[in-house]
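Reading the structure
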Amino acid sequence: MKLSKLMIAAIAVCGASQAMAAGVTRLTGSSASSINVVRGAVNMCVNNGGSALVYKTTAATNALGNQFTVTCSTDFDATIPVTANELRVNVANGSETAITNAAAYPSSTATTFLVPTGSCTPLAAGTEALSFLAAGQMLNCGTTLADSSKSDGGFLDVEGPIFNTAYDGGDFTAAGFSQVFGIAVNSTLYNDLQAYQKTAAGGNVVPATCAAGDTTPACQPSLSRAQVESLINSATSNPAKTGGLAYLVAAANQTTGLTNKITYCKRPQSSGTQQSAQLYFLNYDAQGPLGGKEPIVGNVTLSKYASVENASSGNVKTCLNANTLADGYKFGALSLENNPIGGADTYRFVRLNEVSATEGVAGASQTATAIAGRYDFVYELSAYCPAGTCAPVIDGIKSAVTAGSSSPGIFITGVESKFGRGGNSNKPYASR
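First things first, this report covers the structure right here in the doc. All values reported here derive from a predicted model rather than from experimental measurement.

1. Considering the pattern of salt bridges
Overall, the coordinates contain 4 salt bridges when judged by the stated rule. As a salt-bridge pair, arginine 88 and glutamate 86 come within 2.7 Å of each other at their nearest N and O atoms. Like glutamate 86, arginine 88 is buried. Of the charged contacts in the structure, one is a salt bridge between lysine 330 and aspartate 327, with a shortest N-O distance of 3.7 Å. Its relative accessible area of 18% is what places aspartate 327 among the buried residues. Each of the salt bridges in this network shares a partner with another, and the network as a whole consists of Arg26, Glu86, Arg88 and Asp147.

2. Some details on helix α9 (residues 272-282)
Counting buried residues in α9 gives 11 out of 11 residues, a clear majority hidden from the surface. Taken together, the buried positions of α9 are occupied by Gly272, Thr273, Gln274, Gln275, Ser276, Ala277, Gln278, Leu279, Tyr280, Phe281 and Leu282. The residue sitting at the N-terminus of α9 and contributing the capping side-chain oxygen is serine 271; that oxygen lies 3.1 Å from the backbone nitrogen of threonine 273.

3. Topic: the pairing of strand β14 (residues 329-335)
Each regular strand carries side chains that alternate between the two faces of the sheet. Of all the 7 residues making up β14, 7 are buried; the element is thus mostly covered by neighbouring parts of the structure. Both faces of β14 are covered, namely the face carrying Tyr329, Phe331, Ala333 and Ser335 and the face carrying Lys330, Gly332 and Leu334. Pairing of strand β12 (residues 262-266) with β14 involves 3 bridges; the strand directions are parallel. Each bridged residue has a counterpart across the sheet, and for isoleucine 262 the counterpart in β14 is tyrosine 329.

4. A closer look at the pairing of strand β10 (residues 172-185)
A large share of β10 lies buried, amounting to 12 of its 14 residues. Relative to strand β17 (residues 378-384), β10 runs antiparallel, the two being bridged by 6 bridges. Each residue of the ladder has a partner; that of serine 178, found in β17, is glutamate 380. By the bridge criterion, 3 bridges tie β10 to strand β18 (residues 410-412) in an arrangement that is antiparallel. Residue pairing across strands places serine 178 opposite phenylalanine 411, the latter belonging to β18. Relative to β14, β10 runs antiparallel, the two being bridged by 5 bridges. Bridge pairing in β14 links alanine 184 to glycine 332.

5. A few points about the layout of surface pockets
Here the largest pocket defines a volume of roughly 780 Å³. Contributing elements (two or more residues each) for the lining of the largest pocket: α3 (34-47) and α10 (313-320). For the lining of the largest pocket, the leading source of residues is α10, giving 5 residues. In terms of residue class, the lining of the largest pocket is built from 12 nonpolar, 20 polar and 5 charged. Lining the second largest pocket are 14 residues; nearest its centre among them are Pro161, Ile162, Thr165, Tyr284 and Gln287. If you list the elements that add at least two residues to the lining of the second largest pocket, you get α5 (160-163) and α9.

Calculation rules
- Numbering of residues starts from 1 in each chain and follows the order in which that chain's sequence is written.
- Thresholds applied to this predicted model are a pLDDT of at least 70 for local features of residues and 80 or more for the giving and counting of side-chain atom pairs; totals over whole chains, interfaces and linings are not thresholded and use all residues.
- Where side-chain values are given, they derive from all heavy atoms of the structure, hydrogens and water being excluded.
- Salt bridge, as used here: a side-chain nitrogen of Lys or Arg that lies within 4 Å of a carboxyl oxygen of Asp or Glu.
- For each residue, the accessible area found with a 1.4 Å probe, counting protein chains only, is set against the maximum for its type, and the residue is called buried under 20%, exposed over 50%, and partly exposed in between.
- Elements are defined by DSSP. Helices are runs of H or I of four residues or more, strands are runs of E of two residues or more, and each kind is numbered from the N terminus.
- In protein, a polar contact requires one atom able to donate a hydrogen and another able to accept it; more generally it is a pair of N or O atoms within 3.5 Å, and residues adjacent in sequence count only if both atoms are side-chain atoms.
- Whether two strands pair depends on DSSP finding at least two bridges between them.
- Cavity means a closed set of points on a 1 Å grid over the protein atoms alone, one where a 1.4 Å probe fits but cannot get out, pocket means an open set with protein on both sides within 12 Å along at least 5 of 7 lines, and lining means a residue has an atom within 4 Å of a point.
- Grid points are joined across faces, edges and corners, and a volume is the space filled by probe spheres set on the points.
- Under the scheme applied, nonpolar residues are Ala, Val, Leu, Ile, Met, Phe, Trp, Tyr, Cys and Pro; charged residues are Asp, Glu, Lys and Arg; polar residues are all the others, including Gly.

Scope: geometric values only; no functional claims are made or implied.
Take a look at the structure:
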């Protein structure tokens, strides 16, 4: 995602703000767009003759974390009418913070951002989705967040009124690209489910020739939409909540000694990933006289089921990477911007209704089946556009992001695929 028009829009929204006058732009909102934000900022800087550095709060070379800052030795874009050479981002609390932390929103609150210092430690070259960053281009600054400010806006996984009907729909505009979501599970569930689904009792969903742990599409085990809905809705006495591990895997195929509990690693209501899951599985768009919406489960701990809230997608991955006997089975929704293959993560994506969202290899686009219209757990990102003033954001994204240049799990709506939701998350995924 190229950011030049985003920064121009921030000026339009907030005026010649304190942030922009100081050369700093601050963004909050969707964590799924983070890698594209960094890639776009770095590319912009280089295209304008500068060199870019990425500051973060951890030493990991494969993940940005929730707070990060990109600096440029020049301005990011020569067309920006004021100095803009530092981009501070905080995505710790999800998409809705693009609104609730933005200076343009009347009742917004400040949040904290990472300020680069001379004590930050250079890191090795980026790996996995951050492999475009060279050795020394990322620096670990530790967890001190010295800047407490309001942001200049940001991006959301879905439109603002999905989070809160009090938000004015006119303040949100389709961002021009789509995001694929999937259901991820801990490795224990993946392997047990795979073994079970090789059997007749398990539906012969997985070919018997697949090796244990194989992540290629044909060998991925599958969960049904109905199973996931039952696991995440508010009915605490249904078979999904009372059946324990046997709800998903027959006893004969369960790893011996596991705790008999299924855990839902969910996100808070401010998360676009959470809102997308509720739209897709629980029919959250079904309002009106007949309704049809099923409420989401709360944070509960039952004898054979638990639902645990996680502040960020990074926290969900930590939850899903837990695979000891005491952890039982774990699952949760993640955007396909995340790819565990080839790195330290042990969680895995499963198919949904026997359709894979991911190619199951390192470096995959994670968009192939969604682009083809065979996989539909897909939503279009939105930009926070108070009074319609951030139209340059949309123009910039549509013109600057070329086919194949987005982060994994993201593609250009209407360009790379003719399938979409028509700029409305309540519409079905269809040819447009």
